[in-house]
Amino acid sequence: RPERTLMDLLREQLEDRRQRPRDDFVTMLIGTELPPLGLLSFLVGAVIAGHETTLIAATNLAYQLGLEPALQTRLRAEPALVGRAVDESLRHRSPVQNFVRTLTEDVQHHGATMRAGDKVMLLFGAANRDPARYADPERFDLDRYDSDRDAGRNLAYGHGVHRCVGAH
């Protein structure tokens, strides 16, 4: 059987969803106004971005576990903290370091004026280590949060309408 490319596999998935819609992301995309090549390009980007960020996030947590044998011991004893460890790892070593946007209107922020059309960059790694928000931000700390919900409020995958669709 000849080798198939990622584009071939994604084309097959799109065609399958057109014929047999499901309650999933790919079926939802088919209902958008994106042309066929736009759908394919979007899906390729999503697959690559999802793979890369997941790989980096998992590697960062494995690295932290290697640095701190006591953390390994604690997570074995308290497996309910694994989700919190994942969230703290995302805060501590964000898998995506920056994101660029173009302003659509003039904005005043901390005394600086930015004009419509200006490019702005959010530095996730810096935001997630902001000492105004996180006490001792350089330290990996499972106990910094009052709840598991608070632990997930880092900016590793953006926020609001710009939050990564694959963040969950």
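Please refer to the structure higher up on the page.
Residues numbered from 1 in each chain as written. Predicted model: local features only at pLDDT ≥ 70, side-chain atom pairs only at ≥ 80, totals over all residues. Heavy atoms only, no water.

1. Describing the packing of aromatic side chains
Using the following cut-off: Any Phe, Tyr or Trp ring, taking Trp's six-membered ring, that has another such ring centre within 6.5 Å forms a pair; planes under 30 degrees apart are called stacked, those over 60 apart edge-to-face, and the others tilted. Strands here are runs of E lasting at least two residues and helices are runs of H or I lasting at least four, both read from the DSSP assignment and numbered beginning at the N terminus. Exposure is judged per residue with a 1.4 Å probe applied to protein chains only, and the accessible area is read against the type maximum: over 50% gives exposed, under 20% gives buried, and values in between give partly exposed. Each ring is checked for a lysine NZ or an arginine CZ that lies within 6 Å of its centre and within 35 degrees of its normal; such an atom marks a charge sitting over the ring.
Evaluated as defined, the whole model comprises 1 aromatic pair. Here Phe25 and Phe42 contribute two aromatic rings whose centre-to-centre distance is 6.0 Å and whose plane-to-plane angle is 45 degrees, an arrangement assigned as tilted. On the criterion of sequence distance, the pair formed by Phe25 in helix H2 (residues 25-30) and Phe42 in helix H3 (residues 36-67) is long-range, its members being 17 residues apart. On the accessibility criterion, Phe25 (33% relative accessible area) is partly exposed. Cation over ring: Arg91 sits above Tyr134, and NZ or CZ is 5.1 Å from the ring centre.

2. A look at the packing of H3 against helix H4 (residues 69-77)
Spelled out, the test is: The angle between two axes is taken between their N-to-C directions and runs from 0 to 180 degrees, where each axis is a line fitted to C-alpha atoms and a helix contributes only its stretch in contact. An angle below 35 degrees is treated as roughly parallel, one above 145 as roughly antiparallel, one from 65 to 115 as roughly perpendicular, and anything else as oblique. Working rule for contacts: check all heavy atoms of both residues, and any pair within 4.5 Å makes them a contact. Note on residue categories: nonpolar means Ala, Val, Leu, Ile, Met, Phe, Trp, Tyr, Cys or Pro, charged means Asp, Glu, Lys or Arg, and polar means any other residue, Gly included.
It is at 5 Å that the axes of H3 and H4 come closest, and there the two elements cross at 105 degrees. Judged by the inter-axis angle, H3 sits roughly perpendicular to H4. Packed against H3, whose contacting residues are Gln64, Leu65, Gly66 and Leu67, the element H4 presents Pro69, Leu71, Gln72 and Leu75 at the interface. Among the residues making up the contact of H3 with H4, the classes are represented as 5 nonpolar, 3 polar and no charged.

3. Regarding the packing of H3 against helix H5 (residues 82-92)
One way to put it is that H3 packs onto H5 with a least axis distance of 9 Å and a crossing angle of 100 degrees. One finds that H3 runs roughly perpendicular with respect to H5. Side by side, H3 and H5 meet where Ala57, Asn60, Leu61 and Gln64 of the first sit next to Ala85, Val86, Ser89, Leu90 and His92 of the second.

4. Notes on the layout of surface pockets
Condition: Grid points spaced at 1 Å over the protein atoms alone were grouped into cavities, where a 1.4 Å probe fits but cannot get out, and pockets, open sets with protein on both sides within 12 Å along at least five of seven lines, with lining residues defined by an atom within 4 Å of a point. Grid points are joined across faces, edges and corners, and a volume is the space filled by probe spheres set on the points.
One number sums up the size of the largest pocket: a volume of about 1400 Å³. Lining the largest pocket we find 47 residues, and of these Phe124, Tyr157, Gly158, His162 and Cys164 sit closest to its centre. Secondary structure elements with two or more residues in the lining of the largest pocket: H3, H5, strand S1 (98-102), strand S2 (107-109), strand S4 (119-123) and helix H6 (124-127). In terms of residues, the lining of the largest pocket owes the most to one element, H3, which gives 13 residues.

5. Section: the side chain of Asn154
Which entries qualify depends on this criterion: For the purposes of these results, a polar contact is taken to be a pair of N or O atoms within 3.5 Å, where, inside protein, one atom must be able to donate a hydrogen and its partner to accept one; residues adjacent in sequence count only when each atom of the pair is a side-chain atom.
You can see Asn154 is positioned in the segment after helix H7 (148-151). Residue Asn154 is classed as buried on the basis of its relative accessible area, which comes to 7%. Only 3.2 Å separates the side chain of Asn154 from the backbone oxygen of Asp87, close enough to count as a polar contact. At 2.9 Å, the side chain of Asn154 and the backbone nitrogen of Ala156 are in polar contact. Those residues in contact with Asn154, other than ones at most four positions away along the chain, are Asp87, Leu90, Arg91, Asn128 and Tyr134.

6. Here we look at the pattern of salt bridges
Put simply, the test is: Every case where a carboxyl oxygen of Asp or Glu lies within 4 Å of a side-chain nitrogen of Lys or Arg is listed as a salt bridge.
Under the defined criterion, the tally for this structure stands at 15 salt bridges. When the shortest N-O distance is used, the salt bridge between Glu12 and Arg4 registers 2.6 Å. For Glu12, a relative accessible area of 37% gives the class partly exposed. Within this structure, Asp16, Arg17, Arg20, Arg22 and Asp24 form a network of salt bridges that share partners.

7. Concerning unusual backbone geometry
With phi around 50 degrees, His110 is a residue other than glycine that occupies positive phi space. Looking at the secondary structure, you find His110 in the loop between S2 and strand S3 (112-114). A positive phi angle is found at Asp136, which is not glycine, with a value near 50 degrees. Summarising the element assignment, Asp136 is placed in the loop between H6 and H7.

Treat this as a map of the structure, not an account of what it does.
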